[in-house]
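Here is how the chains run, residue by residue.
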Amino acid sequence: MNKSVFSVKNLVTLSMLVAIQIILTRFLSVQAWNFRIGFGFVPIVFASMYLGMAPAILIACVSDVLGCLLFSPFPYMPGYTISVGLTAVIYSLCLEKNRSQYRIILSILITQLLCSLIINSYLLSLSTGSPLLPLMQIRVFQVLINSVLQYFAINAIILIFEKRKIFQAIAK
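The structure contained in this document is the topic of the report that follows.

What counts as what
Residues numbered from 1 in each chain as written. Predicted model: local features only at pLDDT ≥ 70, side-chain atom pairs only at ≥ 80, totals over all residues. Heavy atoms only, no water. Helix = DSSP H or I, 4+ residues; strand = E, 2+ residues; numbered from the N terminus. Expected span 1.5 Å × (residues − 1). Buried < 20%, exposed > 50% of the residue type's maximum accessible area, 1.4 Å probe, protein only. Contact = heavy atoms within 4.5 Å. Salt bridge = Lys/Arg side-chain N within 4 Å of Asp/Glu carboxyl O. Core = buried A, V, L, I, M, F, W, Y, C linked by side-chain atoms within 4.5 Å.

## Details of helix α3 (residues 53-71)
Argument step 1. For α3, spanning 19 residues, the distance from its first C-alpha to its last is 26 Å, which sits close to the expected 27 Å at 1.5 Å a residue.
Argument step 2. When α3 is considered as a whole, its buried residues turn out to be P55, A56, I59, A60, S63, D64, G67 and C68.
Argument step 3. On its buried face, α3 is in contact with α1 (8-26), α2 (42-50) and α4 (78-95).

Okay, structure coming up:
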């Protein structure tokens, strides 16, 4: 990302990724009260790989807060924002410089096991009063499906934007 974070081009890019994140997460996901399967992670991964850690965290947190305040039937809980921000940090640390298969799998395992299965299950347990272990058992199915989706989606992003040199054409 350019040195001036508040340039018009950067603000438009960040805003567009926030909007895409909200649409993919809130409207184009399969979800119930205790799980969500979808492609809402794509803007965060894209920002983590190509824009850097700070924009990725900003996109993740702003889209979570706006999505919750505008479209969620549940009250806002800051723990989920922290969890999605941590997800952006993990993707940035793992994928910003090196995009090997090992790093892709490592980032997916850490985000899905730590953020989705452990942290989000705990937060769901707190907010709904459901017992934690049975909730985690149900969410293992979500983690497995999302892990596979993320693996193929991240590889598709890399194929489209790096191997075919599309990102360089867009950045100019």
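## Here we look at the pattern of salt bridges
Argument step 1. As enumerated under the stated definition, the model contains one salt bridge in all.
Argument step 2. For D64, the salt bridge identified is with R26, shortest N-O distance 4.0 Å. In this pair, D64 is assigned in helix α3 and R26 in helix α1, connecting sequence segments 38 residues apart.
Argument step 3. Take D64: its relative accessible area is 15%, and that puts it in the buried class.
Argument step 4. Judged by its relative accessible area of 16%, R26 falls in the buried class.

## What about the side chain of Q150?
Argument step 1. Checked against the element boundaries, Q150 lands in helix α6 (residues 132-163).
Argument step 2. A residue is classified by how much of its surface remains accessible, and Q150, at 4% relative accessible area, is buried.
Argument step 3. Filtering out sequence-adjacent residues up to four positions away, Q150 remains in contact with F41, Y91, I108, T111 and Q112.

## Side note on the nonpolar core
Argument step 1. Judged by nonpolar contacts, the single largest core of 29 residues is most densely connected at V45, M49, I59, L95, I154 and I157.
Argument step 2. Elements with a contribution of two residues or more to this core: α1, α2, α3, α4, α5 (101-128) and α6.
Argument step 3. Contacts of L95, omitting those with residues within four sequence positions, involve V45, M49, R103, I104, S107 and I154.

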